[in-house]
Amino acid sequence: MVSTDEWAQSTFSKCNLGDKRRTSRLIRTAANLASNIGRSIVKSSPTEADIEGTYRLIRNKQVKADAIAEGGFMATGELIRSRDVVLTLEDSTSISYQHSVAEQLGYTTKFSSGPTKGFKVHNVVAYDPLQEQTLGLIEQNRWVRDE
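Residues numbered from 1 in each chain as written. Predicted model: local features only at pLDDT ≥ 70, side-chain atom pairs only at ≥ 80, totals over all residues. Heavy atoms only, no water.

Student: Before we move on, can you summarise a nonpolar patch on the surface with the specific residues and values?
Tutor: Where nonpolar side chains cluster on the molecular surface, the patch consists of Val85, Leu87, Leu89 and Leu130 and spans about 340 Å² of accessible area. Along the chain, Leu89 falls in strand β1 (residues 87-97). (Patch = residues over 30% accessible without salt bridge, like charges linked within 9 Å, V, L, I, M, F, W, Y side chains within 5 Å. Areas by Shrake-Rupley, 256 points an atom, 1.4 Å probe, with all protein chains shown as cover. Salt bridge = Lys/Arg side-chain N within 4 Å of Asp/Glu carboxyl O. Helix = DSSP H or I, 4+ residues; strand = E, 2+ residues; numbered from the N terminus.)

Student: Tell me about the packing of helix α2 (residues 20-35) against helix α4 (residues 48-59), and please be specific about residues and values.
Tutor: Put simply, α2 and α4 touch, their axes get as near as 10 Å, and they point 115° apart. Relative to α4, α2 is oriented so that their crossing is left-handed. Contact residues: Arg22, Arg25, Leu26, Arg28, Thr29 and Asn32 in α2; Ala49, Asp50, Gly53, Thr54 and Leu57 in α4. Considering only residue class, the contact of α2 with α4 consists of three nonpolar, four polar and four charged. (Axes fitted to C-alpha atoms, helices over the stretch in contact; angles between N-to-C directions. Left-handed = near helix turned anticlockwise from the far one by under 90°. Contact = heavy atoms within 4.5 Å. Nonpolar A, V, L, I, M, F, W, Y, C, P; charged D, E, K, R; others polar.)

Student: Tell me about unusual backbone geometry, residues and numbers included.
Tutor: Within the chain, Glu132 stands out as a residue other than glycine whose phi angle is a positive 50°. With respect to the secondary-structure elements, Glu132 resides in the loop between β3 (114-128) and β4 (133-143). You can call Glu132 exposed: its relative accessible area is 65%. (Buried < 20%, exposed > 50% of the residue type's maximum accessible area, 1.4 Å probe, protein only.)

Student: Account for the pattern of salt bridges, naming residues and giving values.
Tutor: Close approach of charged atoms allows side chains of opposite charge to pair. Taken as a whole and assessed by the stated rule, the structure comprises seven salt bridges. Asp50 is paired through a salt bridge with Arg25; the nearest N and O atoms lie 3.0 Å apart. Taken together, the residues Asp50 in helix α4 and Arg25 in helix α2 connect sequence positions 25 residues apart. As far as the burial class goes, Asp50 and Arg25 line up, both buried. Two residues, Arg56 and Glu52, come together in a salt bridge whose shortest N-O distance is 3.1 Å.

Student: Can you explain the packing of aromatic side chains? Please cite residues and give values.
Tutor: Under the defined criterion, the tally for this structure stands at one aromatic pair. With centroids separated by 5.6 Å and ring planes inclined at 90°, the aromatic side chains of Trp7 and Phe12 adopt a geometry described as edge-to-face. (Phe/Tyr/Trp six-rings, centres within 6.5 Å; stacked < 30°, edge-to-face > 60°.)

Student: Lay out the nonpolar core in plain terms, naming residues and giving numbers.
Tutor: Nonpolar side chains in soluble globular proteins generally cluster together in the buried interior. Membership of the largest hydrophobic core is limited to 10 residues, which are Ala8, Phe12, Cys15, Leu17, Leu26, Ile27, Ala30, Ala31, Leu57 and Val63. Mapped by element, the contributors of at least two residues to this core are α1 (4-12) and α2. The element best represented in this core is α2, accounting for four residues. Beyond its immediate stretch of four places on either side in the chain, Ala8 contacts Ser13, Ile27, Ala30 and Ala31. (Core = buried A, V, L, I, M, F, W, Y, C linked by side-chain atoms within 4.5 Å.)

Just geometry here; none of it tells us what the structure is for.
And the structure:
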């Protein structure tokens, strides 16, 4: 088991966000969030500077989700090359939001109270059954759908 700092470094260091400082911020943010599973950005960040830096990264229009994902996929691909056996496990899920950003998203599910807003995600995770170790995401599709 590696530390969250080591995990974040190995997973996101190859992300091309157009500036090394953005990649460094992504790595710090990922490590902070991984060390505080289920907590908000504010509660996961050790300093005010980390909070502000994370929100600036999120709001930066030059930072693309696909660039972050591709960097992570590349890191997982490197891990796979050194393994004798790798299984790829697939699953789809819905991510629902109820705050103001939800209006910008698509429909996920219809409940008796009405439709929920969010997006759909299909993940492909690489797993080494010999080492009983999850290696990471190797592919992910995200989309919104009409009602």
